[in-house]
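# Structure assessment
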Amino acid sequence: IHAALLGVEAKSTFLKVTNNRIVNSRNNQLPDPVEILQEVHKVISPRLIELGSFITLFYARIDSKQNRITFINAGHPAPILYRNINKTMELLESNKVPLGFQNEINYIQRSKEFFNDDALSLFSDGLLDLRNNGNIAFGELRLKNLIRNKIFYNSEKLLETIRNKIDQFAQG
């Protein structure tokens, strides 16, 4: 229950901060993700530290007009960005410190090109850490290979394929 309540509190804080920053924006532009995350950090990290808890977070904004993705990764497993043009994959990393690890931190925002035919895969550490009967972890490499081989699917079909492969892996 404690973790669930903490998650609700964090989500509520994130939405409240985001809404306040957008409403109070002076130049009709969205605030940068780093501005929002820094404010969320200030509000929620003292409570997380008090409770001995933390929250990982990946926050991204995709600008399809500028072909950019702007993101911050605060301790979450690095999402995989698949580049269709050259069939390569990149991990989207920045800060590796989750919310609640320390009171003072300057999160780092990153920006990369992002095109309509690129694909972004987000997942939790539970997927990477999942172990089968032989105590072998599913791992990042297995996930990357699965994405690379099935990327031509639409997102629903890719997700279904990943779920099926996870079930097969866990049983074997």
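In this text the structure is predicted, and so the values were computed from the model without any measurement.

About the thresholds
- Residues numbered from 1 in each chain as written.
- Predicted model: local features only at pLDDT ≥ 70, side-chain atom pairs only at ≥ 80, totals over all residues.
- Heavy atoms only, no water.
- pLDDT = per-residue confidence, 0-100.
- Contact = heavy atoms within 4.5 Å.
- Pairing = 2+ DSSP bridges.
- Helix = DSSP H or I, 4+ residues; strand = E, 2+ residues; numbered from the N terminus.
- Axes fitted to C-alpha atoms, helices over the stretch in contact; angles between N-to-C directions.

Bringing the confidence of the model for the protein chain into the picture now. Here the protein chain shows a mean pLDDT of 83. Residues at 70 or above account for 81%. Within the model, pLDDT remains below 50 along residues 1–5, and this stretch shows 2 contacts once partners closer than five positions in the same chain are excluded.

This part covers the sheet that holds strand β6 (residues 119–121). Strand-to-strand pairing in sheets goes through backbone hydrogen bonds, with the strands running parallel or antiparallel. Pairing is antiparallel in the open sheet, where 3 strands are placed in the order β4-β3-β6. In this open sheet, the two edge strands, each paired with only one partner strand, are β4 (88–91) and β6. The sheet shows a mean angle of 25° between the axes of neighbouring strands, taken without regard to direction.

Looking now at the sheet that holds strand β5 (residues 110–113). Taken in spatial order, the 3 strands of this open sheet run β1-β2-β5, and their pairing is antiparallel. Only two strands of the sheet have a single partner each, and these edge strands are β1 (57–63) and β5. On average, each strand axis in the sheet is tilted by 20° relative to the strand beside it, whichever way the strands run. Here β1 runs beside strand β2 (residues 68–74); their pairing, made up of 7 bridges, is antiparallel. Note on β2: the bridge partner recorded for Arg61 is Thr70.

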